[in-house]
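The primary structure of each chain is shown beneath.
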Amino acid sequence: MTDATLSHPAPASNRGAIAGGIVLAVLAAALAVLPLTMTLSAYVLNMLMQAVTYTVAVLGLTVVLGYTGQLSLAQAAFFGIGAYAVALGTVDYGLGFWLSMVLGLAASAVAGAVLGLTSLRIGGHYLAMVTIAFQQIVTLVLVNSIDVTHGPDGVSGIARPNLPGVSLANAKAYLTFCIVVLYAVGLAVWYLRRTRLGRAMQAVRDNELAAGVVGVNTYRTKVVAFTISAILGGLGGALFASGFSYISPDQFSFAESVVFLTMALIGGVQSAFGTALGTGLLILLPEWLRFLKEIYLAIYGLSVILIMVFMPEGIWGLLERIAHVGGGRPAVVTPRPFRLDIPDSGPADILETRGLAKHFGGLRAVDGVDLKVERGSVHALIGPNGSGKTTLLNVLSGLYRPTGGSVSLAGRDITRLAPHERCAAGVGRTFQNIRLFRSLSILDNVLIGAQRPGAPAKGEAALRERAFEALGFVGLADKASELVGSLPYGHQRLVEIARALAGNPTLLLLDEPAAGLNPTEKQELVELLRRLKGHGLTIFLIDHDMAMVERIADHITVLNFGKRIAEGTPRDVLRHPAVIAAYLGEVPTHGAA
Ligand SMILES: Nc1ncnc2c1ncn2[C@@H]1O[C@H](COP(=O)(O)OP(=O)(O)OP(=O)(O)O)[C@@H](O)[C@H]1O
């Protein structure tokens, strides 16, 4: 490998993003100028005002659902909080638009954060249920707290703000202001996807388990996404209230939350452009179909269903997929040689477990295992099917809390650390059933590994450089811009290894890395592991291929029924009577070696 300078053009996805950004800029500029230059009826102005303010709120769903994969059915509630803050603040309390809006955004943020903090740890459909409950509570409060909210009558006479030297009282001027805000929000949401936080969000969406193991604090990421979404809901509502100067509770009901969700899904919730497209379409579609009179609602409903069924990624998602057919131009890459910064000091045994146990009810999957893994060695864990190997690896990487015992890494007790904290401490891992971030490019997958907390690479350029180094090491740098799902199985295994390596681990846990590989690929894997060992990396691997284990491992531990039954060099262990008995299915007669 040469020490050549890194040279890689922007991958296809980035070039597409830049083109998208230019389209957005041109569209936004045209849209912003349009209302000022054209004669627009009050009806058209209202439609545009609704489309623009709704889009700001629906962009929140792009963040929480599109990027992070968390279903929220309370966007109309946050929209209502922002709207009522401006309405009540300006009409009843004389606070002025700007202060009222800030209070509304703060209230939305606090409500979103509290809701997220209390419900996102559990995950699954729980968040959706909690958001429905929250939505209903907000609607009930808006309708019934008549003294504060004016009840079903709503609030009228909401004033429009002024900017220094510019009055926004005129509907056209205010619409222009809202378009500028939408442009800023759209740009921020579009850009977010390309940041560390945005990548972490997408990792959580694609595979939450793997995200944690590669260093993403999944809980915090979800709470942040939910809070951003709530703020955008509140911002849309604040703009909406002043735009229409009258609001009432029915505009912020559960039905509206469903409409917001439909808008995001139809356009393509994973993209800011898709969200804008879906919102505009769902506001315009009823108007376009009005000539159908009685059957218009049926046609409208049918159109929405057809789009959802035949375009599950939304209209924008379909357009993006068509544009991506054939893939991007392969990146021309000469990565820098791969490096690992592994501290020389520390105990000779980098990993040590004492009495480690993991029980599932009465099943002792791991049953009091003592283990020492020597620094810089390749240590294999073998045993018959169901002997507890993967469970042990899951306990080591923090996916399972042990029932008993302790784990220490380089002398530091990591028993109670979460997966992302263990990753930050230097534990990298791959999975028996490959767990990649399927909707992302190969480069993005590895970038997420490179950005783990505590890793040496910091800025975006350094992260990309590090990701290319890791990809170069496994021989996939020229495929960086391809979608990870398009790779053959053997290459996907290599991407998983590169993702772990990019984070500069001190200990690499590999769960059956040779599973599904052909003999040539297995040989390449052996070479790769030898090269890694040459870099001083400690490797702890599970595999069933004894010939490969014998070739690569310095040391072997054998498990059976969750207990360690043998330990030593490959030569000794593979001929150990207890090991042979275990593989032949006999009940072991020896104690732990
Ligand atoms: N989440 C779980 N809940 C209940 N039982 C589990 C769980 N995970 C594993 N087990 C059980 O623990 C035992 C050990 O499983 P484990 O997957 O660790 O074995 P393994 O040695 O990795 O097997 P293989 O070589 O087939 O992958 C098995 O009996 C399995 O059914």
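About the cut-offs
Residues numbered from 1 in each chain as written. Predicted model: local features only at pLDDT ≥ 70, side-chain atom pairs only at ≥ 80, totals over all residues. Heavy atoms only, no water. Phe/Tyr/Trp six-rings, centres within 6.5 Å; stacked < 30°, edge-to-face > 60°. Helix = DSSP H or I, 4+ residues; strand = E, 2+ residues; numbered from the N terminus. Buried < 20%, exposed > 50% of the residue type's maximum accessible area, 1.4 Å probe, protein only. Near = heavy atom within 4 Å. Polar contact = N/O pair within 3.5 Å; in protein donor to acceptor, adjacent residues only side chain to side chain. Areas by Shrake-Rupley, 256 points an atom, 1.4 Å probe, with all protein chains shown as cover. Nonpolar A, V, L, I, M, F, W, Y, C, P; charged D, E, K, R; others polar. Pairing = 2+ DSSP bridges. Axes fitted to C-alpha atoms, helices over the stretch in contact; angles between N-to-C directions. Contact = heavy atoms within 4.5 Å. Left-handed = near helix turned anticlockwise from the far one by under 90°. Expected span 1.5 Å × (residues − 1). Patch = residues over 30% accessible without salt bridge, like charges linked within 9 Å, V, L, I, M, F, W, Y side chains within 5 Å. Salt bridge = Lys/Arg side-chain N within 4 Å of Asp/Glu carboxyl O.

K.L.:
What should I look at first to understand the packing of aromatic side chains in this one?
P.N.:
For any pair of aromatic rings, the description consists of the separation of the ring centres together with the inter-plane angle of the planes. For the structure on display, the rule yields 17 aromatic pairs. Ring geometry for Tyr 54 versus Phe 260: centroids 4.9 Å apart, planes at 75°, classification edge-to-face. Of this pair, Tyr 54 sits in helix 2 (residues 42–67) while Phe 260 is found in helix 11 (residues 254–267), placing the two residues 206 residues apart along the sequence. Classification of Tyr 54 by relative accessible area gives buried; the value is 6%. Measuring from ring centre to ring centre gives 4.8 Å for Phe 240 and Phe 244, while their planes differ by 40°; the resulting arrangement is tilted. Here the residue Phe 240 and the residue Phe 244 both occupy positions in helix 10 (residues 218–244), the gap between them amounting to 4 residues, near one helical turn.

K.L.:
Sorry, what's going on with the site of the ligand here?
P.N.:
Taken together, the neighbourhood of the ligand is formed by 15 residues, with Gly 386, Lys 389, Thr 390, Thr 391 and His 544 sitting nearest. Contacts to the ligand include Gly 388, whose backbone N or O atom sits 3.0 Å from an oxygen atom. For the ligand, whose unbound accessible area comes to 630 Å², protein coverage reaches 64%. When contributions to the shell around the ligand are tallied by element, the ones reaching two or more residues are strand 6 (363–374) and helix 15 (389–396). Residue contributions to the shell around the ligand peak at 3 residues, all from helix 15. Looking at the shell around the ligand residue by residue, the classes come out as 5 nonpolar, 8 polar and 2 charged.

K.L.:
How should I be thinking about the environment of Leu 381 in this particular structure?
P.N.:
Along the polypeptide, Leu 381 turns up in strand 7 (residues 378–382). According to the relative accessible area criterion, Leu 381 is buried, its value standing at 0%. Spatially, the C-alpha atoms of Leu 381 and Glu 421 are 24 Å apart, while their sequence positions differ by 40 residues.

K.L.:
Mind showing me how you'd approach the sheet that holds strand 11 (residues 507–511) here?
P.N.:
Adjacent strands of a sheet form backbone hydrogen bonds with each other and so pair up, either parallel or antiparallel. As summarised here, the arrangement of the 6 strands in space is 10-11-12-7-13-14, forming an open sheet in which the pairing is mixed. With partners counted over all chains shown, the strands left at the sheet margins are strand 10 (427–429) and strand 14 (563–568), one partner each. Within the sheet, the average angular offset between the axes of one strand and its neighbour, ignoring direction, is 20°. Where strand 11 lies against strand 12 (residues 538–542), 5 bridges are found, and the strand directions are parallel. Its bridge partner being in strand 12, Leu 509 is matched across the sheet by Phe 540.

K.L.:
Explain the sheet that holds strand 9 (residues 412–413) to me, please; I cannot follow it from the model alone.
P.N.:
Taken in spatial order, the 4 strands line up as 6-5-8-9 in an open sheet, and their pairing is antiparallel. The open sheet is flanked by strand 6 and strand 9, the only strands paired with a single partner. Pairing of strand 5 (residues 349–360) with strand 8 (residues 404–409), which is carried by 5 bridges, proceeds in the antiparallel orientation. Paired with Arg 354 across the bridge in strand 8 is Ser 406. Seen against the sheet, helix 15 touches strand 5, strand 6 and strand 8 and runs at an angle of roughly 115° to strand 5.

K.L.:
Explain the pairing of strand 8 here, please?
P.N.:
The two faces of the sheet receive side chains in turn, since in a regular strand these alternate between them. With 2 bridges connecting them, strand 8 and strand 9 associate as antiparallel partners. Note that in strand 9 the partner of Leu 409 across the bridge is Arg 412. The antiparallel hairpin formed by strand 8 and strand 9 contains 2 residues in its connecting segment, where Ala 410 sits at a positive phi of about 50°.

K.L.:
How should I be thinking about the packing of helix 17 (residues 442–450) against helix 19 (residues 489–502) in this particular structure?
P.N.:
Contact geometry for helix 17 and helix 19: axes closest at 6 Å, N-to-C directions at 35°. Once helix 17 is placed against helix 19, the crossing between them reads as right-handed. From helix 17, Ile 442, Asn 445, Val 446, Gly 449 and Ala 450 reach across to helix 19, where they touch Val 495, Ala 498, Arg 499 and Ala 502. Looking at the contact of helix 17 with helix 19 residue by residue, the classes come out as 6 nonpolar, 2 polar and 1 charged.

K.L.:
So what exactly am I meant to see when it comes to helix 3 (residues 75–91) here?
P.N.:
Since one α-helical turn is 3.6 residues long, residues separated by three or four positions face the same way. Here helix 3 is 17 residues long and its end C-alpha atoms lie 24 Å apart, about the 24 Å a rise of 1.5 Å per residue gives. In terms of burial, helix 3 is largely enclosed, as 16 of its 17 residues are buried.

K.L.:
Help me understand a nonpolar patch on the surface, please; the structure alone is not making it clear to me.
P.N.:
Taken together, the side chains of Tyr 93, Leu 95, Leu 99, Leu 103 and Val 148 define a hydrophobic patch exposed on the protein surface, amounting to about 470 Å² of accessible area. Within the element layout of this structure, Leu 99 appears in helix 4 (residues 97–119).

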